[in-house]
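# Tertiary structure, described
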Amino acid sequence: MIEVVRVDPREPAQEAIARAADCLREGGLVAFPTETVYGLGVNALDEAAVRRLFEVKGRPANDPLIVHVASFDQIGALVSRIPSTARDLAARFWPGPLTLVMPRSTAVSDAVTAGLDTVAIRIPSHPVAHALLSAAGVPVAAPSANLFSRPSPTTAAHVLEDLDGRIEMVLDGGPTHVGVESTVLDLSHGAPTILRPGWVDIDALRTVLPRVDVRPSAPDSTDAMASPGMLERHYSPRAPLTLYEGNTDAAIERMVTDAREAHREGARIGVLTVSDLVERLRGRLAPRVAAHIEDAGAASDLPEIAARLYAALRAFDAARVDVILAHVPSVATGLGAAIRDRLYRAAAGRIKRT
Ligand code: TXA
Ligand code: MG
């Protein structure tokens, strides 16, 4: 039986944390909140536990894990060298939603790194994550606590939707704050390169580093498999999602046309959009046409959209829609880049430009 333990997100009870830490040290799988999304933790030094983690998630073995630690001094054992840029970034952004890819040491197994000669490391800031990592005393490998290709969990209920009965324990610390996964920055060779955009954006990184490159995210990328974990279908609700990009008026017209056509063909339709456009879409699409309209938050409030995005995607599963039509005005900078990246992945190539 899975044990769900509610904890105060600011001051988790020591007893609950100690039990979860014991479970990790004994090879168990423990889901816990971080400031980004819920992670599914295992002792990173326990190969059998790491292999079970891949099985439970249905995650391909070529997709490496992030190793989480409580403090910077734990990193020395995990890497072959600490780039000086890592120290500067850590001073500014850790603990926090930034993951650094560095050359790995032999202490980290191929199971964790998918055979790469690098390891991804993060010091999360969430008090529950921090308490758990401190109490466990071992590095904790933790992917997002969802089944492979599903939206990452931002609540304990999301974790249970995907993993109930398959893991030992969930620490329920309420909804996560950031809502999208950490920024992944590769420091292992060449110029520092953003592999996955997140809360810590390129402008923030450039306050510390003279040069930061960005690996283009799918579907702009001609080489989506250049790094593992950048698989096309990702963060997906069960129904296929089509993303309408470009001019809002034109996007709405096209969504309305497509929704009516899909409705005629008997499909149950879901619509994802921003608060600013909900009423307009309701005015154009009767409830019998658009069965479920999901409000992702105010267009001007990117943190709100990021925080709500995955819950919104999961809500379409509960509403049992057959297709999802999405229009979230695109913002290329800051957190907008992270939101756009996740929507692109959820759409898995189904993008209509207007
Ligand atoms: O916010 C987060 O990062 C969450 C919380 C739980 O910390 N974790 C998370 O883990 O999103 P996951 O496994 O869902 O995503 C890890 C990403 C993948 O895109 C993976 O390919 C990349 O990090 N990654 C891990 N190790 C890597 C490495 N050595 N080189 C390049 N990319 C790596
Ligand atoms: Mg994930």
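Source: prediction; values computed, not measured.

Looking now at the sheet that holds strand β8 (residues 169-172). Read across the sheet, eleven strands follow the order β1-β8-β2-β3-β7-β4-β6-β5-β9-β10-β11 without closing on themselves; strand pairing throughout is mixed. The sheet is open, and its two edges are formed by β1 (3-6) and β11 (213-214), each paired on a single side. Where strand β3 (residues 38-43) and strand β7 (residues 140-141) come together, two bridges link them in antiparallel fashion. Looking at the pairing, N43 lines up with V140 of β7. Across the sheet, helix α3 (residues 84-93) touches β5 (98-103) and β9 (183-186), and the angle it forms with β5 is around 165°.

Per-residue pLDDT for the protein chain has a mean of 94; in total, 95% of the residues score no lower than 70. A low-confidence stretch, residues 220-231 stays under pLDDT 50, and its non-local contacts, those more than four residues away or across chains, total 21 contacts.

What follows covers the nonpolar core. One recurring pattern in soluble globular proteins is that nonpolar side chains are buried together. Counting 48 residues, the largest nonpolar core has L241, L243, V271, L272 and L285 as the members making the most contacts within it. Per-element accounting of this core gives the leading share, eight residues, to helix α10 (residues 302-318). Each of domain 1 (3-214) and domain 2 (241-353) contributes no fewer than three residues to this core. Judged by nonpolar contacts, the second largest core, of 47 residues, contains L40, A44, I194 and A204.

The next thing to look at is the pattern of salt bridges. Summed over all chains, the structure comprises 23 salt bridges. With its nearest N and O atoms 2.1 Å apart, the salt bridge here joins R19 to E3. A residue pair is termed long-range when its members are at least 10 positions apart, and R19 in helix α1 (residues 14-25) and E3 in strand β1 qualify at 16 residues. Take R19: its relative accessible area is 32%, and that puts it in the partly exposed class.

Once that is clear, we can look at the environment of H189. Looking at the element boundaries, H189 is found in the loop between β9 and β10 (193-196). Judged by its relative accessible area of 56%, H189 falls in the exposed class. Within the local environment of H189, its side chain forms a polar contact with the side chain of S188, the two groups lying 2.9 Å apart.

Turning our eyes to something else, we now look at the environment of P240. With respect to the helices and strands, the residue P240 is situated in the loop between β11 and β12 (241-245). Put simply, P240 and P303 are 63 residues apart on the chain and 25 Å apart in space, counted from C-alpha to C-alpha.

How two helices sit against one another is set out by the angle between their axes and by the gap between those axes. For the pair α1 and helix α5 (residues 127-136), interaxial distance at closest approach is 8 Å and the crossing angle is 55°. Considered as vectors, α1 and α5 are oriented oblique to each other. Where α1 crosses over α5, the two elements pack in a sense that is right-handed. Between α1 and α5, the contacting residues are I17, A20, A21, L24 and R25 on the first element and V128, A131, L132, A135 and A136 on the second. For the contact of α1 with α5, the class distribution of residues is nine nonpolar, no polar and one charged.

Between W94 and P95 the backbone carries a cis peptide bond, its omega angle lying at -5°. Here P95 lies in the loop between α3 and β5.

Conventions we followed
Residues numbered from 1 in each chain as written. Chains lettered and ligands numbered in written order. Predicted model: local features only at pLDDT ≥ 70, side-chain atom pairs only at ≥ 80, totals over all residues. Heavy atoms only, no water. Pairing = 2+ DSSP bridges. Helix = DSSP H or I, 4+ residues; strand = E, 2+ residues; numbered from the N terminus. Contact = heavy atoms within 4.5 Å. Axes fitted to C-alpha atoms, helices over the stretch in contact; angles between N-to-C directions. pLDDT = per-residue confidence, 0-100. Core = buried A, V, L, I, M, F, W, Y, C linked by side-chain atoms within 4.5 Å. Buried < 20%, exposed > 50% of the residue type's maximum accessible area, 1.4 Å probe, protein only. Domains from an automatic or database assignment. Salt bridge = Lys/Arg side-chain N within 4 Å of Asp/Glu carboxyl O. Polar contact = N/O pair within 3.5 Å; in protein donor to acceptor, adjacent residues only side chain to side chain. Parallel < 35°, antiparallel > 145°, perpendicular 65-115°, else oblique. Left-handed = near helix turned anticlockwise from the far one by under 90°. Nonpolar A, V, L, I, M, F, W, Y, C, P; charged D, E, K, R; others polar.

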